[in-house]
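# Tertiary structure, described
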Amino acid sequence: MAAPLSVEVEFGGGAELLFDGVKKHQVTLPGQEEPWVIRDLLVWIKKNLLKERPELFIQGDSVRPGILVLINDADWELLGELDYQLQDQDSILFISTLHGG
Amino acid sequence: AGDAFCRDCFRAFYVHKFRAVLGKNRLIFPGEKVLLAWSGGPSSSSMVWQVLEGLSQDSAKRLRFVPGVVYVDEGAACGRSREDRAKTLTDVRQILQTLGFPWPIVTLEEVFALPPSVLRCSAQDPVGTMGTYKVAVDSFLQQQRTLAAEGLRGSPSSAQGEEQPSQPCTQDSQDPVGPPPAAQTEALSQLFNSVKTLTAKEELLQTLRTHLILHVARTHGYSKVMTGDSCTRLAIKLMTCLALGRGAFLAWDTGFSDERHGDVVVVRPMREHTLKEVAFYNRLFAVPSVFTPAVDTKASEKASIHRLMEGFLLRLQAQFPSTVSTVYRTSEKLVKAPRDGCAAGPRCLLCMCSLDVDSADSATAFGAQTQDFSQTPPPTPRAKA
């Protein structure tokens, strides 16, 4: 039984447009049976934070190609991507590289 | 791709790439005036930042050209309100003021005021050979040493102001006095609205933006323009240009240097950096940037050819991480040879490339037929076309 987690979710590079323009979100994830992984977080974000055009952020069970995910300022590819287990006070940043230059 | 870096190594790698691209191509001469085209986005912001840092290093490795930054307010083409545009401009100005270079801000509406001379390709200065470059660098260094010896310059690590041209930066900001006249905004808005497809809009925007930036460069005496196109963007651009029928001009559209305009050369120093690297660098080292919605913001995947290609390449990249670099490497092999006999031919008014016209039209059936015309009587029509 995993305890509730408090994490900071941040959006940048234009991704914030899909979230009412709000870049930083302090999020409390409810306790659940399995430990929280990024995959679950994405589902949660889609249900609770995403205001419009889900297809511009999420593709399948992962993020759309072109959106970078940084966990505590490190590339999520080095941490297991969708299977990374969230810890309390983690900071997850989604940067869209799809916009402008 | 595929290599893990710690923060410091990443920074060294990133900066090295930037310098290496500039050094390898040897096109920018010491003391030359270079205009940095800044869109506020991550790639161009990173480029501006690299230049800023590069100018302040100790003398052996210091970048030696004289930069200016231009920002084009394209709000009218995207249907943004005056308030939104003003807000963005405030953010933009805040960043520009800290840079220490001259920073003209122009609005896309000024396109209507451009003289027809922008459409004429001016006489080309011959591109310096290796020998000339070395001579130029040597003589520049010699000058610096002489001045230092005469005690006219401060230490290399002194403030930016001493290295820059004498005009103070606030005077050189050349900020337009107020927002552009509503009639011009309206005209621009109408122009873009009359364009039916997003693809065409994006191309039009790019063409107008390029002409405007070149005009700014010419009027302020800049001989080079640097744009922040990254590796990823250029790979997407390459494929998009192919789809748009611009295959003949790929070398100019995606290469390091683009000399089609003659007196002003466009260079792309960020072309070896992927968008991922840019995003990471900007985040880790707090590079300021201003996000501005563009014509294609929130457009769906199939809204334009550009978007389609972007989606295609990025999706492929996710599964095959060498996709972007492969496309990019291919673009590096493109050679800018004019077709025989077409070197001095007419140029396209919009993109300024030599028209890719084969006057004999030999490759098409129509051409083949008309060639025969002079020799044989016209065939009797058998059916209505």
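- As annotated in an unreviewed UniProt entry, chain B carries the name Cytoplasmic tRNA 2-thiolation protein 2 and comes from Neovison vison.

- Chain A has the name Ubiquitin-related modifier 1 in an unreviewed UniProt entry, where Neovison vison is given as its organism.
- Word for word, the UniProt comment on chain A under Sequence similarities (unreviewed entry) is "Belongs to the URM1 family."
- Of chain A, the UniProt comment under Subunit (unreviewed entry) reads exactly: "Component of a complex at least composed of URM1, CTU2/NCS2 and CTU1/ATPBD3."

## As for the sheet that holds strand 1 (residues 5-12) of chain A
- Reading across the sheet, the 5 strands line up as 2-1-7-5-6 (chain A) and stay open at both edges, with mixed pairing between neighbours. If you trace the sheet from one side to the other, it starts and ends with strand 2 (24-29) and strand 6 (74-75) of chain A, each paired once.
- Summarising the sheet, strand 1 of chain A and strand 7 (residues 91-96) of chain A pair through 5 bridges and their orientation is parallel. Following the sheet pairing, A:Glu8 is matched in strand 7 of chain A by A:Ser91.
- On top of the sheet, helix 11 (residues 275-284) of chain B reaches strand 1, strand 5 (67-71), strand 6 and strand 7 of chain A; it is set at about 40° to strand 5 of chain A, its chief contact.

## Some remarks on the interface of chain B and chain A
- Across the contact, 28 residues belong to chain B and 27 residues belong to chain A.
- Three residues, B:Arg283, B:Phe291 and B:Lys298, lead the burial of chain B against chain A; their summed loss comes to 31% of the area buried on that side.
- In this structure, the connection of chain B to chain A is made through 6 salt bridges.
- In this structure, A:Glu77 engages B:Lys276 in a salt bridge whose closest nitrogen and oxygen atoms are separated by 2.9 Å.
- Listed by contribution, the elements that provide at least two residues to the side of chain B that touches chain A are helix 2 (42-55), helix 11 and helix 12 (305-319) of chain B.

## Comments concerning the sheet that holds strand 6 (residues 265-267) of chain B
Residue and element names in this part refer to chain B.
- Spatially, the 6 strands line up as an open sheet ordered 3-2-1-4-6-5, and their pairing is mixed. Taken across any chain shown, the strands that pair with only one partner, and hence form the sheet edges, are strand 3 (105-107) and strand 5 (257-258).
- For strand 4 (residues 224-226) and strand 6, the ladder comprises 3 bridges, and the chain directions are parallel. Bridge pairing links Met226 to Val267 in strand 6.

## Examining the pairing of strand 5 of chain A
Residue and element names in this part refer to chain A.
- In terms of burial, strand 5 is a largely internal element, 5 of the 5 residues being buried.
- Side chains Ile67, Val69 and Ile71 project from strand 5 onto one buried face, and the interleaved Leu68 and Leu70 project onto a second face that is buried too.
- With 5 bridges joining them, strand 5 and strand 7 adopt antiparallel strand pairing. Paired with Leu70 across the two strands is Leu93, which belongs to strand 7.
- Two elements, strand 5 and strand 6, share 2 bridges in a ladder whose sense is antiparallel. For Leu70, the partnering residue across the bridge sits in strand 6 and is Asp75.

Criteria and thresholds
Residues numbered from 1 in each chain as written. Chains lettered and ligands numbered in written order. Predicted model: local features only at pLDDT ≥ 70, side-chain atom pairs only at ≥ 80, totals over all residues. Heavy atoms only, no water. UniProt positions renumbered as here; feature names shortened; annotations may be inferred. Pairing = 2+ DSSP bridges. Helix = DSSP H or I, 4+ residues; strand = E, 2+ residues; numbered from the N terminus. Contact = heavy atoms within 4.5 Å. Axes fitted to C-alpha atoms, helices over the stretch in contact; angles between N-to-C directions. Buried area = accessible area lost by both parts, 1.4 Å probe. Salt bridge = Lys/Arg side-chain N within 4 Å of Asp/Glu carboxyl O. Buried < 20%, exposed > 50% of the residue type's maximum accessible area, 1.4 Å probe, protein only.

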